[in-house]
Amino acid sequence: MNGYNNKYLLINLDDLTFEEEKIEDQILYDYLGGTGLSTYLLNKYSSNDDPLSPSNPLVFCSSPLTGTRLTTTSKYSIATRSPLTNFIGDSMSSSYFADKLKKTGFDALVIRGKSNKYKLIKITNSKVEFLDATNIWGKTTSETESLLSTNLGSDFSFASIGPAGENLVRFAGIKNDGGRMAARTGVGAVMGSKNLKAIAVNGNQQIKIYNAQKINEIRKELSIKSLGDSTEKYRTTGTTINMSLLNRLEMLPTKNFSESTFKESTKIEGENLIKNHFSKKAHCANCTIGCEKIFVTNDNNDPITSRLEFQTTASLGSNLGINDPNWIIRASSLCDDLGMDTISTGVTISWAIEASNNGHLKEPIDISTEQKLLELIKNIAYRNSIGNLLAEGSKIASETIGNKSYLYAMHVKGLEIPSYDPRNLPALALALSVSTKGACHNRASAYDIDFNNKEIFIDPQIIAKKTKESEDYSAVLDSMIWCKFLRKSFDDFYYESSDIYSHLTGEIISPEKLKIAGERINNLKKLFNINNGWVRKDDNLPERLLKNKSKKNQIISNNFLDSMIDNYYYFRDWDKNGNIPTKKLKQLNIKSD
Amino acid sequence: MNDLLTGIILAGGKSRRLGRDKALELFNERPLIFSVIDAIRSSVDEIILIVNDSARKKELAFIKNVKIVVDTYSDSGSLGGIYSGLLEAQNSNAIVLACDMPFVSKNIINTMKNRMGSNVDIVIPETDGYKHSTHAIYNKNCLEVIDQQLKQNEYKISKIFSKCKTIIITENEIDEIEPNSKSFFNINNESDLDKANQIFNTMGKIKIKIEFFGTAKLVAKQDFIHLYTKKQVTENELIKLISKAKPDLIGQIIKKDTNELKKSYNLGINGIKNISDKKIFLQKNDSILIFSSQSGG
């Protein structure tokens with residue numbers, strides 16, 4: 001089918017072999033690409049074995065829009081069984097890697113097995129090579145990219161892990177483009193468990209487009225739209241300014257979610273960062289918006305820069321009670337270099353601080369100086385001393401030390417909670433609870449339901465319906481693939497996306513069918529989880545968020561959340577326990593084997 | 001008594017102390033004299049403006065539905081004006097006001113009017129030991145006394161009170177009708193004008209806080225400002241107020257026509273609940289938040 005290569009590369013690292021596998025048109029049509037197609041391939045090859053065992057597939061996937069130069073579409077998706085959650089781990093990144101992978105002639109890579117030696121997979125138009133990676137094993141992500149670029153040439157794009165992935169830190173990410181990371185759910189640990197340091201791609205095959213002229217026209221129109229009012233925040237200040245508003249609304253996770261406002265937030269809020277630490281603006285691959293802002297330290301003669309997002313400034317800032325932007329910039333830069341998710345890093349450290357303060361951890365967790373904070377982050381990445389426990393993430397670490405330390409572990413299904421306090425954001429609270437991936441704010445973007453309406457919805461039925469719709473819509477965004485920050489540039493997302501898909505592939509897909517594809521993708525993710533032991537109690541929030549009496553007018557309670565979840569299952573046509581009836585699978589054309 | 005009342009407004013000319021024409025000085029975006037006219041319009045059935053000469057009469061000719069009369073005794077101060085007005089009035093009783101009183105109270109005027117019995121010549125309010133002779137009701141019975149006084153070149157109005165049947169509205173009574181009334185406030189100089197503007201901006205209004213976030217905060221160069229507003233406003237009115245207080249926001253945060261925020265911004269009241277275009281009721285110390293409509297991150 002136009003827009004696709006109709007094949008993927010099935011790589012076996014056990015014996016360093018590969019095969020080309022075909023993908024039927026119907027599968028591409030049903031799962032689109034990105035998170036949809038990678039979920040399909042994960043499910044197809046899933047072993048249900050331990051996530052860090054060789055048999056766990058690690059899937060990299062491009063999308064039909066990848067390589068078309070439509071703004072924000074140079075993105076790839078990763079799917080695997082997550083070592084943090086034991087459920088589906090999916091993560092995305094914007095990168096030239098996506099374009100160059102697709103141009104090698106493959107829509108996806110499915111990597112299984114484990115190499116005896118440290119390896120680098122090199123893929124070009126006609127060749128797949130397994131190169132020795134001994135000389136780069138142990139290097140940071142920036143060192144790795146720089147060495148690979150020197151050795152293989154700057155035409156290549158890379159996806160690589162840092163020391164955190166090598167040491168199987170359960171929240172290690174996969175890095176690319178010198179600053180972007182598929183960070184969440186521990187995809188980097190899975191890559192490390194296979195002794196795979198990096199993948200280098202350099203394809204230049206042409207992508208077949210059914211109606212190139214039309215796609216070209218749409219590309220220009222969309223680029224213009226992407227520079228309008230609907231992306232103003234992302235273009236001007238970036239996301240770090242979320243902090244001041246969330247703090248004002250008492251929704252800023254502070255000190256491990258024990259508080260919802262941070263007294264010193266003005267020191268680390270985006271407005272202050274822009275005034276005192278702004279270095280330059282950065283664009284992801286093939287993106288017109290340029291949401292990324294690079295910030296620089298200003299407290300000594302050895303300035304360090306880092307791309308900061310709001311999530312990082314909060315998880316490593318207010319969540320840890322840290323009020324110095326310089327600490328946050330250096331901690332973020334270190335996490336990037338070590339190849340570690342900043343959200344899980346911050347929230348696992350905040351768990352440890354509280355567990356230690358309450359006598360559950362023998363070792364004191366001291367981050368009273370910047371040096372101590374950076375040392376702790378390094379210890380996690382290298383699994384040194386207490387870092388070895390923290391490298392497991394808050395869920396497994398709290399289960400390891402037992403007692404009541406789980407009370408301070410702020411995760412859902414094992415994935416640490418991002419920095420939106422869900423206590424008074426009901427749609428977000430529901431989405432975090434039921435997300436197949438665990439506490440991810442992006443797979444439903446449900447905060448948008450809470451934020452952008454004339455009122456805050458407090459009817460569980462309305463919230464459940466809207467959250468389900470938002471999840472399916474996000475699945476289409478993540479499969480086509482568009483960047484979330486482009487979403488408000490569409491006048492009618494489904495209509496425009498179906499139009500573009502049809503001009504690209506030559507296959508008519510109606511807006512309604514796109515919606516069903518979103519639903520299908522989310523159902524398949526859920527099916528993967530069910531096959532990996534999911535039960536209803538896994539859809540939940542930490543007790544702390546449900547029973548915090550100190551917060552006045554808190555919307556979320558145990559009963560309220562349960563009621564939203566019941567309604568959510570209802571709108572998904574699932575049974576009361578959250579399982580998918582065979583009838584529903586059939587209706588969505590999902591094969592349950 | 002005869003319920004009908006004439007309104008007499010002393011609209012002389014250029015003020016010595018202000019250096020400008022007080023009647024035509026702009027207040028609340030229109031000539032000051034209109035504030036006085038509007039305050040008494042519903043309590044009287046005719047309005048007479050007393051002016052010094054025919055040139056002045058021409059100058060004020062644009063004011064509709066009033067009778068403009070040239071002072072019979074020119075250069076005889078307010079007393080002459082009162083005389084000329086009473087002489088011209090079609091009713092027995094007339095409320096006499098200066099043209100420079102921006103906050104004349106309808107309630108106080110109506111109370112004074114009710115106190116004007118058949119055997120009363122003057123009803124005059126007194127505050128701080130001062131009798132407000134240009135905020136008083138006079139009966140035509142006073143004409144003879146005033147005429148005698150003017151002929152003797154005696155221009156002090158206070159001299160007529162003992163010769164006429166005068167009722168005083170005391171400070172206590174006024175406080176009961178309208179606590180902290182600004183009805184007698186008049187403008188003599190620049191500083192009075194500033195004060196009047198200050199009073200105007202807060203009268204019957206509530207103080208609210210406008211908080212800025214993100215680019216709005218960077219552009220405003222402030223975290224928040226305070227504004228005075230009516231309790232009942234529309235989004236549109238609120239945006240206009242904010243535009244006036246922070247013109248820097250126009251273009252970047254507020255649309256150039258100052259009718260609404262740009263699509264990239266939301267207006268929340270005491271949180272993220274948005275203000276709709278319908279009228280909303282604000283309370284003292286409410287907060288209006290201006291924040292990005294893009295919640296992602």
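Located above this text is the structure these notes cover.
Rules used throughout
Residues numbered from 1 in each chain as written. Chains lettered and ligands numbered in written order. Predicted model: local features only at pLDDT ≥ 70, side-chain atom pairs only at ≥ 80, totals over all residues. Heavy atoms only, no water. Contact = heavy atoms within 4.5 Å. Buried area = accessible area lost by both parts, 1.4 Å probe. Salt bridge = Lys/Arg side-chain N within 4 Å of Asp/Glu carboxyl O. Polar contact = N/O pair within 3.5 Å; in protein donor to acceptor, adjacent residues only side chain to side chain. Nonpolar A, V, L, I, M, F, W, Y, C, P; charged D, E, K, R; others polar. Helix = DSSP H or I, 4+ residues; strand = E, 2+ residues; numbered from the N terminus. Pairing = 2+ DSSP bridges. Axes fitted to C-alpha atoms, helices over the stretch in contact; angles between N-to-C directions. Expected span 1.5 Å × (residues − 1). Buried < 20%, exposed > 50% of the residue type's maximum accessible area, 1.4 Å probe, protein only. Parallel < 35°, antiparallel > 145°, perpendicular 65-115°, else oblique. Disulfide = S-S within 2.5 Å. Phe/Tyr/Trp six-rings, centres within 6.5 Å; stacked < 30°, edge-to-face > 60°. Lys NZ or Arg CZ within 6 Å of the ring centre and 35° of its normal. Core = buried A, V, L, I, M, F, W, Y, C linked by side-chain atoms within 4.5 Å. Left-handed = near helix turned anticlockwise from the far one by under 90°.

## Quick word on the interface of chain A and chain B
Moving on, step 1. Between chain A and chain B, the contact holds 37 residues from the first and 25 residues from the second.
Moving on, step 2. In this assembly, chain A packs against chain B so that about 2,500 Å² is buried in total across both faces, 55% of it on carbon and sulfur atoms.
Moving on, step 3. Seen at the junction of chain A and chain B, the total is three salt bridges.
Moving on, step 4. One salt bridge in this structure joins A:D229 and B:K262, with 3.9 Å as the shortest N-O distance.
Moving on, step 5. Counting across the interface, chain A meets chain B through 15 residue pairs in polar contact (both at pLDDT 80 or more).
Moving on, step 6. Residues belonging to the side of chain A that touches chain B are distributed by class as follows: 13 nonpolar, 11 polar and 13 charged.

## Overview of the side chain of B:S292
Moving on, step 1. Relative to the assigned elements, B:S292 resides in strand β16 (residues 287-292).
Moving on, step 2. A distance of 3.0 Å separates a polar atom in the side chain of B:S292 from the backbone nitrogen of B:Q294.
Moving on, step 3. Ignoring anything within four residues of it in the chain, the contact list for B:S292 reads A:K233, B:S264, B:Y265 and B:N266.

## A word on unusual backbone geometry
Moving on, step 1. Put simply, A:M480 and A:I481 share a cis peptide bond, and its omega is -10 degrees.
Moving on, step 2. Backbone geometry places A:D573, a non-glycine residue, at a positive phi of 65 degrees.
Moving on, step 3. Mapping A:D573 onto the fold places it in the loop between α24 (558-571) and α25 (582-587).
Moving on, step 4. Of note, B:T258 is a non-glycine position whose phi angle comes to about 55 degrees, a positive value.

## Remarks on the sheet that holds strand β3 (residues 58-61) of chain A
Consider a sheet: its strands pair through backbone hydrogen bonds, and that pairing is either parallel or antiparallel.
All names here are of chain A.
Moving on, step 1. A sheet is described by the order of its strands in space; here six strands give the open sequence β2-β1-β6-β3-β4-β5, paired in mixed fashion. Where the open sheet ends on each side, the last strands, each with one partner, are β2 (17-22) and β5 (88-94). Between one strand axis and the next, the sheet turns by 15 degrees as a mean value, whatever way the strands run.
Moving on, step 2. Where strand β1 (residues 7-12) lies against strand β6 (residues 108-112), five bridges are found, and the strand directions are parallel. The residue of β6 that forms the bridge with L9 is L109.
Moving on, step 3. Across the sheet, helix α2 (residues 34-45) touches β1, β2, β3, β4 (75-81), β5 and β6, and the angle it forms with β4 is around 30 degrees.

## Here's the deal with the pairing of strand β5 (residues 67-70) of chain B
Moving on, step 1. Strand direction decides the pairing type here: strand β4 (residues 46-51) of chain B and β5(B), joined by four bridges, are parallel. Bridge pairing in β5(B) links B:I50 to B:V69.

## Focus: the environment of B:T72
Moving on, step 1. Positionally, B:T72 belongs in the loop between β5 and α3 (77-88).
Moving on, step 2. Once the C-alpha coordinates of B:T72 and B:L87 are considered, the two residues, 15 residues apart in sequence, prove to be 9.4 Å apart.

## Things to note about helix α20 (residues 460-480) of chain A
An α-helix turns once per 3.6 residues; consequently, residues spaced three or four apart project the same way.
Residues and elements named next belong to chain A.
Moving on, step 1. In a regular helix each residue adds 1.5 Å, so 21 residues correspond to 30 Å; α20 covers 30 Å between its end C-alpha atoms and thus fits that length.
Moving on, step 2. In terms of burial, α20 is a largely internal element, 16 of the 21 residues being buried.
Moving on, step 3. One side-chain oxygen at the N-terminal end of α20 lies 2.9 Å from the backbone nitrogen of Q461; it belongs to D459.

## A few points about the packing of helix α21 (residues 493-505) of chain A against helix α22 (residues 511-531) of chain A
Residue and element names in this part refer to chain A.
Moving on, step 1. Axis separation between α21 and α22 bottoms out at 8 Å; the angle between their running directions is 100 degrees. Relative to α22, the element α21 is oriented roughly perpendicular. In this structure, α21 uses Y494, Y495, S497 and S498 to contact α22, whose residues at the interface are P511, L514 and K515.
Moving on, step 2. Here the contact of α21 with α22 is composed, by residue class, of four nonpolar, two polar and one charged.

## Looking at the state of the cysteines
Moving on, step 1. Enumeration according to the criterion identifies zero disulfides over all chains in this entry.
Moving on, step 2. Free cysteine: A:C284, not disulfide-bonded; nearest cysteine sulfur from A:C291 at 5.6 Å.
Moving on, step 3. The cysteine B:C142 is free of any disulfide, with B:C164 supplying the nearest cysteine sulfur at 3.9 Å.
Moving on, step 4. Judged by its relative accessible area of 0%, B:C142 falls in the buried class.

## Here we look at the packing of aromatic side chains
Residues and elements named next belong to chain A.
Moving on, step 1. Enumeration over the complete set of coordinates arrives at 26 aromatic pairs over all chains.
Moving on, step 2. Considering the side-chain rings of F490 and F493, the 5.4 Å spacing of their centres and the 75 degrees angle between planes classify their relative orientation as edge-to-face. Note on accessibility: F490 and F493 belong to one class, buried.
Moving on, step 3. Clustering of aromatic rings is evident, with ring pairs tying together Y473, W482, F490, F493 and Y494.
Moving on, step 4. Over the aromatic face of F106 sits the side chain of K7, whose NZ or CZ is 5.3 Å from the ring centroid.
Moving on, step 5. Here K526 stacks its cationic end above the ring of W534, 3.7 Å away from the centre of that ring.

## Regarding the pattern of salt bridges
Residues and elements named next belong to chain A.
Moving on, step 1. Counting across every chain of the model gives 53 salt bridges over all chains.
Moving on, step 2. A salt bridge links K525 to D90; its shortest N-O distance comes to 3.4 Å. Taken as a pair, K525 in helix α22 and D90 in strand β5 lie far apart in primary sequence, 435 residues in all. This pair shows no difference in class: K525 is buried, exactly as D90 is.
Moving on, step 3. Between E399 and K395 there is a salt bridge, with the nearest N and O atoms lying 3.2 Å from each other.

## Description of the environment of B:D45
All names here are of chain B.
Moving on, step 1. As for its position among the elements, D45 is in the loop between α1 (32-41) and β4.
Moving on, step 2. Sequence separation between D45 and E260 is 215 residues, and the spatial gap between their C-alpha atoms is 42 Å.
Moving on, step 3. Side-chain polar atoms of D45 contact the side chain of N91, separated by 2.7 Å.

## Focus: the nonpolar core
Moving on, step 1. Ranked by internal contacts, the top residues of the largest apolar core, which has 152 residues, are A:F451 and A:W482.
Moving on, step 2. With 33 residues, the next largest nonpolar core counts B:I9, B:I37, B:I63 and B:V123 among its residues.

## Considerations on the sheet that holds strand β14 (residues 265-269) of chain B
Residue and element names in this part refer to chain B.
Moving on, step 1. With respect to topology, four strands assemble into an open sheet ordered β12-β11-β16-β14, the strand pairing being mixed. Single-partner strands in this sheet number two, and they are β12 (224-229) and β14. Across the sheet, the axes of successive neighbouring strands diverge by a mean angle of 25 degrees, strand direction being ignored.
Moving on, step 2. Pairing geometry for strand β11 (residues 206-212) and β12, over six bridges, is antiparallel. From the neighbouring strand, I208 faces β12, where its bridge partner is L227.
Moving on, step 3. Running at roughly 125 degrees to β12, helix α10 (residues 235-245) makes contact with β11, β12, β14 and β16 of the sheet.

## Focus on α24(A)
All names here are of chain A.
Moving on, step 1. Taking 1.5 Å per residue, 14 residues should reach 20 Å; α24 reaches 20 Å between its end C-alpha atoms and fits that length.
Moving on, step 2. For α24, the complete set of buried residues consists of F560, L561, M564, I565, N567, Y568 and Y569.
Moving on, step 3. Against the buried residues of α24 lie α18 (426-434), α20, α22 and α23 (543-546).
Moving on, step 4. Just downstream of α24 lies D573, where phi reads positive at about 65 degrees.

## Describing the packing of helix α14 (residues 342-357) of chain A against helix α17 (residues 393-401) of chain A
All names here are of chain A.
Moving on, step 1. Interhelical geometry of α14 versus α17 gives an angle of 25 degrees and a closest axis separation of 9 Å. As the angle between them shows, α14 and α17 are arranged roughly parallel. Helix-helix and strand crossings are classified by hand; for α14 and α17 the assignment is right-handed. Seen from α14, the contacting residues are T348, W351 and A355; seen from α17, they are G393, S394, A397, S398 and I401.
Moving on, step 2. Class assignment of the residues belonging to the contact of α14 with α17 gives a composition of four nonpolar, four polar and no charged.

## A short note on the environment of A:E543
Residues and elements named next belong to chain A.
Moving on, step 1. When you line up the elements, E543 lands in helix α23.
Moving on, step 2. By relative accessible area, which is 39% here, E543 ends up partly exposed.
Moving on, step 3. Beyond its immediate sequence surroundings of up to four residues, E543 is in contact with Y406 and L407.

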